[in-house]
Amino acid sequence: MAVAGFNCSIRKAGFAVAISNEVMSSVSPFYTATTAAFRVTDAARRVLDPDTAWHVKSAGTTIAFTNIRWVDFMNGAVQLYSGAEAAATVTFSGGYLPISSTTAIMVEARSFTLSDSRNLLDCTTFSIDTHARVAGLRDVSLKVETLSHRADLDDLRTLFANGTGVVVELGIDTSNSSAQFRALTKISAIEVAGSVDDLV
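What counts and what doesn't
Residues numbered from 1 in each chain as written. Predicted model: local features only at pLDDT ≥ 70, side-chain atom pairs only at ≥ 80, totals over all residues. Heavy atoms only, no water. Helix = DSSP H or I, 4+ residues; strand = E, 2+ residues; numbered from the N terminus. Buried < 20%, exposed > 50% of the residue type's maximum accessible area, 1.4 Å probe, protein only. Contact = heavy atoms within 4.5 Å. Areas by Shrake-Rupley, 256 points an atom, 1.4 Å probe, with all protein chains shown as cover. Expected span 1.5 Å × (residues − 1). Arc of directions from axis to C-beta. Pairing = 2+ DSSP bridges. Patch = residues over 30% accessible without salt bridge, like charges linked within 9 Å, V, L, I, M, F, W, Y side chains within 5 Å. Salt bridge = Lys/Arg side-chain N within 4 Å of Asp/Glu carboxyl O. 1 Å grid on protein atoms, 1.4 Å probe; cavity = no way out; pocket = protein on both sides within 12 Å on 5 of 7 lines; lining within 4 Å. Points joined across faces, edges and corners; volume = space filled by probe spheres on them. Nonpolar A, V, L, I, M, F, W, Y, C, P; charged D, E, K, R; others polar.

1. Description of the overall build of the protein
Across its full length, the protein carries one helix and 12 strands. In sequence order, the secondary structure elements of the protein are arranged as β-β-β-β-β-β-β-β-β-β-α-β-β. Buried positions account for 29% of the 200 residues belonging to the protein. Contacts in the protein between residues far apart in sequence, at least 24 positions, make up 67% of those at least 6 positions apart. Carbon and sulfur atoms make up 53% of the accessible area of the protein, which totals about 12600 Å².

2. With respect to helix 1 (residues 150-162)
The terminal C-alpha atoms of helix 1, which comprises 13 residues, lie 18 Å apart, in line with the 18 Å expected from a rise of 1.5 Å per residue. All of the buried residues in helix 1 are Asp152, Leu153, Leu156 and Leu159. Mapping the buried residues of helix 1 onto a view down its axis gives an arc of 130°, with all of them on the same face. Within helix 1, the exposed residues directed more than 90 degrees away from the buried face are Arg150, Ala161 and Asn162. Positive phi appears at Gly163, one or two residues downstream of helix 1, with a value of about 65°.

3. As for the sheet that holds strand 3 (residues 36-40)
Reading across from one edge, 5-4-8-2-3-7-6 is the order of the seven strands in this open sheet, with antiparallel pairing throughout. Unpaired on one side and paired on the other, strand 5 (61-62) and strand 6 (68-72) mark the two borders of the sheet. Summarising the sheet, strand 4 (residues 55-58) and strand 5 pair through two bridges and their orientation is antiparallel. If you follow Lys57 over to strand 5, its bridge partner there is Thr62.

4. Re a nonpolar patch on the surface
Taken together, the side chains of Val3, Phe112, Leu114, Val140 and Ile172 present a nonpolar region at the surface, about 340 Å² in accessible area. Mapped onto the elements of the fold, Phe112 is located in strand 9 (residues 109-122). Overall, the relative accessible area of 32% leaves Phe112 in the partly exposed class.

5. A look at the layout of surface pockets
Of the pockets and cavities examined, the largest pocket occupies roughly 1200 Å³. Around the largest pocket sit 36 residues that line it, and Lys143, Val144, Glu145, Ala189 and Glu191 are the ones nearest its centre. For the lining of the largest pocket, the secondary-structure elements that each account for two or more residues are strand 1 (8-12), strand 9, strand 10 (133-146), helix 1 and strand 11 (166-172). For the lining of the largest pocket, the element with the highest residue contribution is strand 10, accounting for seven residues. Split into classes, the residues belonging to the lining of the largest pocket amount to 18 nonpolar, 10 polar and eight charged. There is about 460 Å³ of room inside the second largest pocket. Residue assignment for the lining of the second largest pocket shows that the elements contributing at least two residues are helix 1 and strand 11. Here the lining of the second largest pocket gets five residues from one element, more than from any other, and that element is helix 1. Its residues assigned to classes, the lining of the second largest pocket shows 12 nonpolar, six polar and five charged.

Structure follows, in structure tokens:
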């Protein structure tokens, strides 16, 4: 069901905060029921920082990276190759990126465009009279228009200058509490424009 656009929000994560032995809860496996999957229990700490050294423990023993099948940094989840850890206490140590519906909002955002695209690679050969294509790499981009809020603009300029990744999420609901899109992004451009008959 559609909602009025003013209910949307754009949020960006803050700086990484260290966590140690953060408890994880068992969740449904992502790929196959023969493996075990776990997610950080505290919802406020589920956006994990991929740039902070991290490890997962089972019953106090570090799990080798070779036994970790997949990590979802944006949702605080891991899936293991071995199901032996399912009955044990599983914890995560590393860093998380704080992002909330109140403190992380880009204050004067006023519009956005979210684009999801994929390269289609031409594999046409002789004797075929129409193009044949195979799916290639995917890409996603988010363009945000904001008014000139000094604190947000300064933060974004610093991230852009350093080439630092930033987690951005888009909320599209009347409560502004859940994220319909969340991704670790790099800022490709910052444009500042103004005119005498409009806001800056």
